[in-house]
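A structural walkthrough
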Amino acid sequence: QVHNGLDDVVDGNGEVRWDGIFSRSDQMASPSFTPAATARRTVFRAGLQERDMFASISAPALEAVSHAFVGTDEDATVLKALRGFEDLARIHVYFGSDRELNDLLGVLLRHGTDYVRGAFAACGAGAFDDGRNVVPFPV
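1. Remarks on the layout of surface pockets
- Considering only enclosed or pocket space, the largest pocket measures out at about 200 Å³ in volume.
- Taken together, Phe-69, Val-70, Thr-72, Asp-73, Asp-75, His-111, Asp-114, Tyr-115, Gly-118 and Ala-119 make up the lining of the largest pocket.
- Among the elements of the structure, helix H3 (48-70) and helix H5 (98-122) are those that each provide at least two residues to the lining of the largest pocket.
- With 5 residues, the single largest contributor to the lining of the largest pocket is H5.
- Here the residues of the lining of the largest pocket sort into 4 nonpolar, 3 polar and 3 charged.

Structure follows, in C-alpha cells:
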C-alpha cells in the first residue's frame, strides 16, 4: 500500500501511528540482487553509450596507468600496470579506436624500453639470453 500523505500515518491528535508503519514492514518483500557470478556470465554487446563513456575516461586512465608504470620500483605494481595497459588495449581494439590504441602503444614502447634497461642495470647485466644466444643490451 502506498501512502498518499502524512494523514495515512498521523492520527487526529497529530501523533504518528508507529504500529501501522511497523506492521506493514512485515509485508514487504526482501530485496534481491543478481549474484556477481551470474552478472559476469551475462554477455551483451557494448553500444554507443559504453563507447562514449570509455572515450571520456581512456586518456586519464592511460595517464594514470603510465604514471604507475613509470613511477614505481615494485615488480607487483609494474605487473598490475602492464595488465592495465593490456585491458586498455583490448577495449580500444573492441571499439576500433585506432588513434588511442596507437597512443597507448607509444607510451608502452617509450617507457617499456626504459623499464627493461633499468631492470638489467639493477641486476648488473649488460646482456640477456634470448634462448638462442647472448644478446648485448646497452645499459
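Still more to cover.
2. Some words on helix H4 (residues 75-95)
- Taking 1.5 Å as the rise per residue, H4 with 21 residues should run 30 Å; its terminal C-alpha atoms sit 30 Å apart, in good agreement.
- Restricting attention to buried positions, one finds in H4 the residues Val-78, Ala-81, Gly-84, Phe-85, Leu-88, Ala-89, His-92 and Phe-95. Each buried residue of H4 lies within a common arc of 135 degrees when the element is viewed along its axis, so the set occupies one face. Facing away from the buried side of H4 by over 90 degrees, the exposed positions are Asp-75, Lys-80, Arg-90 and Val-93.

3. Brief notes about the pattern of salt bridges
- Taken as a whole, this structure holds 3 salt bridges when the rule is applied.
- Residue Arg-99 is joined to Glu-100 by a salt bridge in which the shortest nitrogen-to-oxygen separation is 3.0 Å.

4. Considerations on the nonpolar core
- Grouped together as the largest cluster of nonpolar side chains are 13 residues, with contacts concentrated most on Leu-62, Val-65, Phe-69, Phe-85, Leu-88 and Leu-104.
- Those elements giving two or more residues to this core turn out to be H3, H4 and H5.
- With 6 residues, H4 is the largest single contributor of residues to this core.
- Excluding its chain neighbours within four sequence positions, the residues that come into contact with Phe-69 are Val-78, Ala-81, Leu-82, Phe-85, His-111, Gly-112 and Tyr-115.

Thresholds, definitions, all that
- Numbers given to residues run from 1 along each chain, matching the order in which its sequence is written.
- Totals for whole chains, interfaces and linings use all residues, but because this is a predicted model, local features are given only for residues with pLDDT of at least 70 and pairs of side-chain atoms are given and counted only at 80 or more.
- The side-chain numbers reported here are obtained from all heavy atoms of the structure, hydrogens and water having been left aside.
- In this analysis a 1.4 Å probe is tested at points of a 1 Å grid over the protein atoms alone, and where it fits but cannot get out there is a cavity; an open set with protein on both sides within 12 Å along at least five of seven lines is a pocket; lining residues have an atom within 4 Å of a point.
- Grid points are joined across faces, edges and corners, and a volume is the space filled by probe spheres set on the points.
- Only runs of H or I of at least four residues qualify as helices and only runs of E of at least two qualify as strands under DSSP, and these elements are numbered from the N terminus.
- In the scheme used here, Gly and all other residues not listed as nonpolar or charged are polar, with Ala, Val, Leu, Ile, Met, Phe, Trp, Tyr, Cys and Pro taken as nonpolar and Asp, Glu, Lys and Arg as charged.
- Multiplying 1.5 Å by the residue count of a helix minus one yields the expected span of that helix.
- Exposure classes here rest on a 1.4 Å probe applied to the protein chains alone. A residue is buried below 20% of its type maximum, exposed above 50%, and partly exposed in between.
- Comment: arc refers to directions from the helix axis out to C-beta atoms.
- For this analysis, a salt bridge means a side-chain nitrogen from Lys or Arg found within 4 Å of a carboxyl oxygen belonging to Asp or Glu.
- Nonpolar core, defined: a set of buried Ala, Val, Leu, Ile, Met, Phe, Trp, Tyr and Cys residues in which side-chain atoms within 4.5 Å join the residues together.
- In what follows, a contact means two residues having at least one pair of non-hydrogen atoms within 4.5 Å.

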